[in-house]
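Structural features, examined
Each chain, written out:
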Amino acid sequence: MASSHSSSPVPQGSSSDVFFKIEVDPSKHIRPVPSLPDVCPKEPTVTDQHRWTVYHSKVNLPAALNDPRLAKRESDFFTKTWGLDFVDTEVIPSFYLPQISKEHFTVYQQEISQREKIHERCKNICPPKDTFERTLLHTHDKSRTDLEQVPKIFMKPDFALDDSLTFNSVLPWSHFNTAGGKGNRDAASSKLLQEKLSHYLDIVEVNIAHQISLRSEAFFHAMTSQHELQDYLKKTSQAVKMLRDKIAQIDKVMCEGSLHILRLALTRNNCVKVYNKLKLMATVHQTQPTVQVLLSTSEFVGALDLIATTQEVLQQELQGIHSFRHLGSQLCELEKLIDKMMIAEFSTYSHSDLNRPLEDDCQVLEEERLISLVFGLLKQRKLNFLEIYGEKMIITAKNIIKQCVINKVSQTEEIDTDVVVKLADQMRMLNFPQWFDLLKDIFSKFTIFLQRVKATLNIIHSVVLSVLDKNQRTRELEEISQQKNAAKDNSLDTEVAYLIHEGMFISDAFGEGELTPIAVDTTSQRNASPNSEPCSSDSVSEPECTTDSSSSKEHTSSSAIPGGADIMVSEDMKLTDSELGKLANNIQELLYSASDICHDRAVKFLMSRAKDGFLEKLNSMEFITLSRLMETFILDTEQICGRKSTSLLGALQSQAIKFVNRFHEERKTKLSLLLDNERWKQADVPAEFQDLVDSLSDGKIALPEKKSGATEERKPAEVLIVEGQQYAVVGTVLLLIRIILEYCQCVDNIPSVTTDMLTRLSDLLKYFNSRSCQLVLGAGALQVVGLKTITTKNLALSSRCLQLIVHYIPVIRAHFEARLPPKQYSMLRHFDHITKDYHDHIAEISAKLVAIMDSLFDKLLSKYEVKAPVPSACFRNICKQMTKMHEAIFDLLPEEQTQMLFLRINASYKLHLKKQLSHLNVINDGGPQNGLVTADVAFYTGNLQALKGLKDLDLNMAEIWEQKR
């Protein structure tokens, strides 16, 4: 057991096993060493693992059927077991399995054929080893076969006899028990075990000796080569020593001086850097005092720039400096303090700007201060400063009204401020002229206030636009520089030759001398001009060196503000274009809000005065004056702010509606009183009404101005002349025409009430039509006025009055149509309905006149008898009544209407006469009765045609006779 398993010549699990298995010819077998016979076959001490036993036997059905020992296969093999009915049948192929042919292996053969060719080519390229190797392989295989006789337990890597299981497996002590009469047998087993172990040892020693003999030549060759290697190493060591001596001499003569120069250059550059760092530290040390100086002069932008520059220097160039470890946080706190100071300063500026005396001066207060504040707020992204300005505007608007009221009340002696304490109550005690002057003063102050707000917001807006423009230009320059740098990088060859010495590039060492002055100049830009000499340590600590450092971080550009001041737009404005655009829109919205604020305060002022119905009690001229003042203010604010506010306009519209209602009720009540007192007699027409009608004929719908003196000399006329036609009218209609003109003039003065006025005027005209119908046709005047009867003259006069109104309805319609928006033209249909109603009324009056005569004809002609004398009394009476009718209406109605009326009366007369003649059986036969009737008719015709204006009237009296059938 002297040899270990690790010294076995047979490789275990190596790749050489595969090689040996491939190369050995399988036809040649090495006969294994026969094992010793077992002396104790019943209870073997050591069992051969490769020995065949009955347990290795394996039998299956095909083996049993194909047993070669059977001379003849029994034909009843299956019938004995399965019965006589068993018949050999052919197995039908399965339908679910495909039919496999040679074509299915074609693709596989093509792939394998290519691999086979490659394999054969490799075998030809790598021929078999020489005879020695074959012999070695053969010997090795023989040795391996011998080693296989050694039990596997000895070959295990973890073989150790101190393990009880391993020891009991190798030396089974149970076989050495001498008790029980088995001593001879145990002695034989022990001897056999000893011989086996000795045999295993011999096999191992033979293999070890064989391996040594195979490798002895290589061992002695290695020992011989060792002396040669030692000689080579000695010579190499001497050559290396000589080379080192030569390199040391070259380094001393050629390199040491140059490297010393480089070290000095590096040392100088480091000293310059240290000096610049110290100077920069001194400058940074003066940041806080300089910021305090700038804040004392309200230079917020400069202070913020200085803080931003210092913070950048601390983060980039002075990072890690222990003495400045708290400076960053201190600067942040100082920046927050500046934010609060700027907001407070802007609030103070807004208050002083908006509350200064409201005079005609609309210039911006301290424009440079405003620009500085806005830039500082934009730089710090404090975009809520517009809200502060909006709040100040609301407060100022309230104060403007309050101060105006106080001034006006103090100038009014009638108001006792000791008795009336509240300012609103004092304001309500003002009469209309005083209150109107107060409102006018408020509107003028609001106009100046809005102009100032607009001027201030224009400055802020221009600052925002300048920052936006600078951002866009900076972006364009960056894009251009990036394109140039990309083109430059593509065109240059980056071939760098360098030599490393002490961890640095020599090229960098030379470059430091060139780049350092640039860095020094760049740093000195924060302290002084680029061409100035570096300051000493004493001068660095002075404020002069640090004040200029707050101008900008990198680069600033100046741009002109429309207000007249030049501003510096810093490049570190971190506002995006969308934020700046939104801020510009908010500025415009703030201007709109200022207009809305003024209008809202004006509305509240109006409503406080209107609580006691003051505005509703104004007369037409006062309300028109108030309306024009408010409309002027609305237009002025729209022109200033660019947008029309609706609150004051809505209040004006509301008051206008109340005014229209009161205006209409007053005139409707007046018309009702006039109609109730109208006796329906022809009235004289004063000269002023004739002038009024004449102005209407000229196309001017307006109330003429009263001319004192000239009207006194002119006498009233009997009729009203309208475009050459005479109108006999009653006094109510004259006043109605004036009222209609007041409606039209009110529309001109207050265009916003056009639709309401149209509706009210339509109602007024309808009321006049219906009420006059009730009084005249309905005989209401008998009870209201006390008339005894409604005469034909009353009827004709009423008809002529209606005709006069109908004449002016198209003029009124055209007046309203010119002032209505196109969407409301449908309201003009009211005039069409009114015209139809008036025509119907006129037709009813004419029918009434005809009916009066018709009843008279029926009464008189029913008693008519054909007898002498001629003319008869009946016809004389009829002609008398016709003459009265003509006298009553001829001076009132136009000639054409009179003729048409008498034609209708004549038709009624002929109808009744024909009826009576038929009743009397008088026919046109030329007899005596016919002659009497003809004489009466001739008398009637002569009298009728003798009336004025009826001479050419075609009476057609032949229709009184029955036509012969």
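Residues numbered from 1 in each chain as written. Predicted model: local features only at pLDDT ≥ 70, side-chain atom pairs only at ≥ 80, totals over all residues. Heavy atoms only, no water.

**Here's the deal with the overall build of the protein**
What counts here: Helix and strand definitions follow DSSP, with helices as H or I runs of at least four residues and strands as E runs of at least two, each counted in order from the N terminus. Under the scheme applied here, a residue whose accessible area is under 20% of the maximum for its type counts as buried, over 50% as exposed, and between as partly exposed, the area being computed with a 1.4 Å probe on protein chains only. Note on contacts: a residue pair qualifies if any of its non-hydrogen atoms lie within 4.5 Å across the two residues. Note on areas: Shrake-Rupley with a 1.4 Å probe; residue coverage comes only from the protein chains shown.
Each helix and strand counted, the protein has 30 helices and six strands in total. Burial status across the protein gives 37% buried among its 965 residues. Of all intrachain contacts in the protein linking residues separated by at least 6 positions in sequence, the fraction that spans at least 24 positions is 78%. Of the accessible surface of the protein, which amounts to about 59500 Å², a share of 55% is contributed by carbon and sulfur atoms.

**Section: the packing of helix α28 (residues 873–889) against helix α30 (residues 928–946)**
Where we set the bar: In this analysis, axes come from line fits to C-alpha atoms, helices being fitted only over the stretch in contact, and the angle between any two N-to-C directions falls in the range 0 to 180 degrees. Between 65 and 115 degrees an angle is taken as roughly perpendicular, under 35 as roughly parallel, over 145 as roughly antiparallel, and anywhere else as oblique. Rotating anticlockwise by less than a right angle from the far helix to the near helix defines a left-handed crossing, while the corresponding clockwise rotation defines a right-handed one. Any residue that is not Ala, Val, Leu, Ile, Met, Phe, Trp, Tyr, Cys, Pro, Asp, Glu, Lys or Arg is counted as polar, Gly included; the first ten are nonpolar and the last four charged.
Interhelical geometry of α28 versus α30 gives an angle of 15° and a closest axis separation of 10 Å. It follows that α28 is roughly parallel to α30 by the angle criterion. Two packed elements cross with a definite hand, and for α28 against α30 that hand is right-handed. Where α28 abuts α30, its residues Phe875, Arg876, Ile878, Cys879 and Met882 lie against Asp936, Val937, Phe939, Tyr940, Asn943 and Leu944. For the contact of α28 with α30, a count of residues per class yields eight nonpolar, one polar and two charged.

**Brief notes about unusual backbone geometry**
Cis geometry marks the peptide bond from Ala868 to Pro869; its omega dihedral reads 0°. Its place among the elements puts Pro869 in the loop between α27 (829–861) and α28. Backbone torsion omega between Val870 and Pro871 reads -5°, so that peptide bond is classified as cis. Along the chain, the position of Pro871 falls in the loop between α27 and α28. Phi at Trp680 is positive, roughly 55°, even though this residue is not glycine. Along the chain, the position of Trp680 falls in the loop between α20 (647–677) and α21 (687–697). The exposure class of Trp680 is buried, given its relative accessible area of 2%. Although it is not a glycine, Glu723 adopts a positive phi angle of roughly 55°.

**As for helix α24 (residues 754–777)**
This is how it is decided: Helix span, expected: 1.5 Å multiplied by one less than the number of residues in the helix.
Under the 1.5 Å per step criterion, the end-to-end length of α24 is 34 Å for 24 residues, consistent within 8% with the ideal 34 Å. Along α24, 17 of the 24 residues are buried, which leaves the element largely enclosed by surrounding structure. Looking at the residues trailing α24, positive phi occurs at Ala779, about 60°.

**Overview of the packing of aromatic side chains**
Aromatic ring pairs are defined here through the distance separating the ring centres and the angle between the ring planes. The condition is simple: When two rings of Phe, Tyr or Trp (its six-membered ring) have centres within 6.5 Å they constitute a pair, described as stacked for plane angles under 30 degrees, edge-to-face for angles over 60, and tilted for the intermediate range.
Counting across every chain of the model gives 16 aromatic pairs. With centroids separated by 4.2 Å and ring planes inclined at 10°, the aromatic side chains of Phe623 and Phe659 adopt a geometry described as stacked. Residue Phe623 is found in helix α19 (residues 620–641), and its partner Phe659 is found in helix α20; the two are separated by 36 residues along the sequence. Exposure class is identical for Phe623 and Phe659. Each is buried. For the pair Tyr909 and Tyr940, a centre-to-centre distance of 3.9 Å together with 25° between the ring planes defines the contact as stacked. Residue Tyr909 is located in helix α29 (residues 895–919), and its partner Tyr940 is located in helix α30; the two are separated by 31 residues in the primary sequence. Exposure class is identical for Tyr909 and Tyr940. Each is buried. Taken together, the ring pairs in this structure connect Phe857, Tyr864, Phe875, Tyr909 and Tyr940 into an aromatic cluster.

**A closer look at a nonpolar patch on the surface**
Put simply, the rule is: Here, patches come from residues exposed beyond 30% relative accessible area and free of salt bridges, joined within 9 Å for like charges and within 5 Å for nonpolar side chains (Val, Leu, Ile, Met, Phe, Trp, Tyr). The term salt bridge refers to a side-chain nitrogen of Lys or Arg lying within 4 Å of a carboxyl oxygen of Asp or Glu.
A contiguous nonpolar patch, built from Ile92, Phe95 and Tyr96 and spanning about 520 Å² of accessible area, is present on the exposed surface. Relative to the helices and strands, Ile92 is located in the loop between α3 (79–82) and α4 (106–125).

**Considerations on the packing of helix α23 (residues 731–749) against α24**
Where α23 meets α24, the axes come as close as 9 Å, and the angle between the chain directions of the two elements is 170°. By the angle between their axes, α23 is roughly antiparallel relative to α24. On the side of α23, the interface is formed by Thr732, Val733, Leu736, Ile739, Ile740, Tyr743, Cys746 and Val747, while α24 contributes Thr754, Met757, Arg760, Leu761, Leu764, Leu765 and Phe768.

**A few points about the nonpolar core**
Here is the rule we go by: Residues belong to a common nonpolar core when they are buried Ala, Val, Leu, Ile, Met, Phe, Trp, Tyr or Cys residues joined through side-chain atoms within 4.5 Å.
Residues Trp435, Phe816 and Tyr909 are the most contacted members of the largest nonpolar core, which totals 200 residues. Top element by residues in this core is helix α14 (residues 432–491). It accounts for 20 residues. Not counting residues within four places of it along the chain, the set of residues in contact with Tyr909 comprises Phe857, Leu861, Phe875, Ile878, Val937, Tyr940 and Met957. In terms of nonpolar packing, the next biggest core, distinct from the first, is built from six residues, Phe154, Val170, Tyr200 and Ile203 among them.

**Side note on the pattern of salt bridges**
As enumerated under the stated definition, the model contains 16 salt bridges in all. The partner of Arg813 in a salt bridge is Asp832, with the nearest N and O atoms 2.9 Å apart. Remark: Asp832 occurs in helix α27 and Arg813 occurs in helix α26 (residues 792–817); sequence separation between them is 19 residues. One salt bridge connects Lys910 with Glu959, and the closest N-O pair in it is separated by 3.0 Å. Of the two residues, Lys910 is situated in helix α29 and Glu959 in the segment after α30; the sequence distance between them amounts to 49 residues. In this structure Glu959 comes out as partly exposed when scored by relative accessible area, which is 42%. Members of the salt-bridge network, linked through shared partners, are Arg662, Glu666, Arg667 and Glu742.

**Some thoughts on α28**
Taking 1.5 Å as the rise per residue, α28 with 17 residues should run 24 Å; its terminal C-alpha atoms sit 25 Å apart, in good agreement. Listed as buried for α28 are Cys874, Phe875, Ile878, Cys879, Met882, Met885, His886, Ala888 and Ile889. For α28, the secondary structure elements touched by its buried residues are α26, α27, α29 and α30.

**Considerations on the side chain of Gln916**
Take Gln916: it is sitting in helix α29. When its relative accessible area of 11% is taken as the criterion, Gln916 is described as buried. Here Gln916 is in contact with Leu861, Ser862 and Tyr864, once residues within four sequence places are set aside.

**Thoughts on the side chain of Arg601**
Put simply, the rule reads: His is not counted here, nor are the chain ends, while Lys and Arg score as positive and Asp and Glu score as negative.
Within the fold, Arg601 resides in helix α18 (residues 577–609). Of the side chains bearing the opposite charge, Asp600 lies closest to the buried Arg601, which forms no salt bridge; the N-O distance is 7.7 Å. With near-sequence residues (within four places) excluded, Arg601 lies in contact with Ala397, Lys398, Ile401 and Phe446.

**What about the environment of Thr287?**
For clarity, the threshold we go by: Counting of polar contacts relies on pairs of N or O atoms within 3.5 Å, with two restrictions inside protein: one atom must be capable of donating a hydrogen and the other of accepting it, and residues adjacent in sequence are counted only when both atoms are side-chain atoms.
Within the secondary structure, Thr287 sits in helix α8 (residues 287–296). Taking the C-alpha atoms as reference points, Thr287 and Leu306, 19 residues apart in sequence, are found 7.2 Å from one another. Not counting chain neighbours up to four residues away, the residues in contact with Thr287 comprise Leu306, Thr310 and Leu331. Here Val284 takes part through its backbone oxygen, which lies 2.8 Å from a polar atom of the side chain of Thr287.

**Quick notes on the environment of Tyr743**
Relative to the helices and strands, Tyr743 resides in helix α23. Remark: the alpha-carbon pair of Tyr743 and Leu761, spanning 18 residues in sequence, is separated by 7.0 Å. Those residues in contact with Tyr743, other than ones at most four positions away along the chain, are Phe663, His664, Arg667, Met757, Arg760, Leu761 and Leu764. At 2.7 Å, the side chain of Tyr743 forms a polar contact with the side chain of His664.

**Digging into the confidence of the model for the protein**
Test applied: Confidence per residue, as judged by the predictor, is encoded in pLDDT with a range of 0 to 100.
Predicted confidence across the protein gives a mean pLDDT of 77, with 76% of residues reaching 70 or more. Long-range and interchain partners of residues 492–560, a stretch whose pLDDT sits below 50, account for 92 contacts in this model, where long-range means more than four residues apart. This stretch, residues 562–568, has a pLDDT under 50; its non-local contacts, to residues over four places away or in other chains, come to 22 contacts.

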